[in-house]
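# Breakdown of the fold
If you want the building blocks of each chain, they are given just below.
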Amino acid sequence: MIKSLRIGAHDYPVRLVDSNLSFGHTIYHDFGKRGRIEINRAADARQRAMTLLHEALHATFHEYGIKLTDSGDESLARLLECAIVQLFIQNPAFARELVLRLRGHEVTNLAIPR
C-alpha cells in the first residue's frame, strides 16, 4: 500500500485503519492542517485502490480550490474515479506509457499482458 500521496504542494499520509463501517471500503479524509487519508483495513485490494483514487481526487479538488457542494464534490469524484479505473482496465498499457512519457522516457514496445 502506498504510504503517502503528493498532491499539489502537500503530502497526504495514507494509512490502513480498522473501521466498523458496514460497506467495508470507506475512507476518511481530513484535508485540514494535517491532511491525511485513512482506508478501511477490511477492504479488499480492489476496493482499496479505487477508494485511494477517489480520495486522491477529493484531495486534488481541495488543493486546487475546486469548490462544489458536498453532493457535487462526491458525485464528481465518483464519476472521475469510475472513468479513470475503466480507462486503465480497458487500456492496460496506457497508464504505464503515460507515466513513462510524463517522466521524459522514450517508450518502445510496451507489452503488458491482459
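It should be noted that the structure appears before, not after, this text.
Overview of the structure. Being a predicted model, the structure only gives us computed values, none of them experimental.

Quick look at the overall build of the chain now. If you tally the helices and strands in the chain, you get 3 helices and 4 strands. Secondary structure elements in the chain, listed N-terminal to C-terminal, are β-β-β-β-α-α-α. Counting over 114 residues, the chain shows a buried share of 26%. In the chain, 40% of the contacts between residues at least 6 apart in sequence involve partners at least 24 apart. When the accessible area of the chain is evaluated, it comes to approximately 8000 Å², of which 56% is carbon and sulfur surface.

Here we take up helix α2 (residues 70–90). The first and last C-alpha atoms of α2 sit 30 Å apart over 21 residues, in line with the 30 Å expected at 1.5 Å per residue. Among the residues of α2, those classed as buried are D73, A77, E81 and V85. All buried residues of α2 project into a common sector of 85° when viewed along the axis, lining one side. Exposed and facing more than 90 degrees away from the buried side of α2 are S71 and L79. Looking at the buried positions of α2, the neighbouring elements they touch are α1 (45–63).

The next thing to look at is the pattern of salt bridges. The final tally for this structure, using the stated rule, is 6 salt bridges. A salt bridge links D11 to R6; the shortest N-O distance between them is 3.2 Å. Overall, R6 belongs to the exposed group, its relative accessible area being 55%. The salt bridge partner of R101 is E97, with a shortest N-O separation of 2.7 Å. Here the residue R101 and the residue E97 both occupy positions in helix α3 (residues 92–102), the gap between them amounting to 4 residues, near one helical turn. Classification of R101 as partly exposed rests on a relative accessible area of 45%. Within the structure, one salt-bridge network assembled from shared partners comprises R15, R36 and E38.

Structurally, R36 is set in strand β4 (residues 36–40). At 3.0 Å, the side chain of R36 and the side chain of E38 are in polar contact.

Moving on, we get to a nonpolar patch on the surface. Where nonpolar side chains cluster on the molecular surface, the patch consists of L87, F88, F94, L98 and L102 and spans about 440 Å² of accessible area. For the nonpolar patch, the secondary structure elements donating two or more residues are α2 and α3. With 3 residues, α3 is the single largest residue contributor to the nonpolar patch. Inspection of the secondary structure assignment puts L102 in helix α3. The exposed category is assigned to L102, whose relative accessible area is 69%.

Let's shift gears to the nonpolar core. Ranked by size, the top nonpolar core spans 9 residues in total: L5, I7, Y12, V14, I37, I39, L52, A56 and A59. For this core, the elements supplying multiple residues, two or more each, are β1 (4–7), β2 (10–17), β4 and α1. Examining the composition of this core, we find that 3 residues originate from one element, α1, more than from any other.

About the thresholds
- Residues numbered from 1 in each chain as written.
- Predicted model: local features only at pLDDT ≥ 70, side-chain atom pairs only at ≥ 80, totals over all residues.
- Heavy atoms only, no water.
- Helix = DSSP H or I, 4+ residues; strand = E, 2+ residues; numbered from the N terminus.
- Buried < 20%, exposed > 50% of the residue type's maximum accessible area, 1.4 Å probe, protein only.
- Contact = heavy atoms within 4.5 Å.
- Areas by Shrake-Rupley, 256 points an atom, 1.4 Å probe, with all protein chains shown as cover.
- Expected span 1.5 Å × (residues − 1).
- Arc of directions from axis to C-beta.
- Salt bridge = Lys/Arg side-chain N within 4 Å of Asp/Glu carboxyl O.
- Polar contact = N/O pair within 3.5 Å; in protein donor to acceptor, adjacent residues only side chain to side chain.
- Patch = residues over 30% accessible without salt bridge, like charges linked within 9 Å, V, L, I, M, F, W, Y side chains within 5 Å.
- Core = buried A, V, L, I, M, F, W, Y, C linked by side-chain atoms within 4.5 Å.

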